[in-house]
Amino acid sequence: MEIDELILKETTRCSKDFSCLKNENDPCLTSKVSNSVNGKVIFISCIEDKCNYDMRFGYSKICNCPVRKEIFNKYNR
C-alpha cells in the first residue's frame, strides 16, 4: 500500500512502527471498519491491545490514526 508522505509524517504517535503497512495480517488491518463519518472518523471493531490512536466511544471504538484512515479511504480496508 502506498500512503502519502505527509500522512506518514502526521502519524507521530505510532508505537508499532507502521506494522499495518508491513504486514497484511496486522490486527489494525484485520479490524473491520464498522462505520465511517465522511472518511474523517472511523469506527473499528478491534479486540487487540490498545494503540495510541484508539479511543473508546460508548460501546464502540474510534481509530484516529491518520494512516489507518487513509488505508480505509484509499483501499476500502
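Before going into details, it helps to say that this report is about the structure given with it. (Residues numbered from 1 in each chain as written. Predicted model: local features only at pLDDT ≥ 70, side-chain atom pairs only at ≥ 80, totals over all residues. Heavy atoms only, no water.)

### A look at the overall build of the protein chain
The secondary structure content of the protein chain amounts to 4 helices and 4 strands. Secondary structure elements of the protein chain occur, N-terminal to C-terminal, as α-α-α-β-β-β-β-α. Relative to a compact globule of 77 residues, whose C-alpha radius of gyration would be 11 Å, the protein chain shows 11 Å and is just as compact. In the protein chain, 47% of the contacts between residues at least 6 apart in sequence involve partners at least 24 apart. (Helix = DSSP H or I, 4+ residues; strand = E, 2+ residues; numbered from the N terminus. Rg over C-alpha atoms; globule rule 2.2 N^0.38 Å. Contact = heavy atoms within 4.5 Å.)

### Considerations on the state of the cysteines
Per the counting criterion, the structure on display carries 0 disulfides. Of all cysteine sulfurs in the structure, the one in Cys65 sits closest to Cys14, which takes part in no disulfide; the separation is 6.2 Å. (Disulfide = S-S within 2.5 Å.)

### Comments concerning the sheet that holds strand 2 (residues 41-45)
Spatial strand order, 1-2-4-3: 4 strands in an open sheet with antiparallel pairing. The strands lining the two open edges of the sheet, one partner per strand, are strand 1 (32-37) and strand 3 (54-57). Between one strand and the next, the sheet's axes are offset by a mean angle of 35 degrees, whatever the strand orientation. Pairing geometry for strand 2 and strand 4 (residues 60-63), over 3 bridges, is antiparallel. By the bridge assignment, Phe43 is partnered in strand 4 with Ile62. (Pairing = 2+ DSSP bridges. Axes fitted to C-alpha atoms, helices over the stretch in contact; angles between N-to-C directions.)

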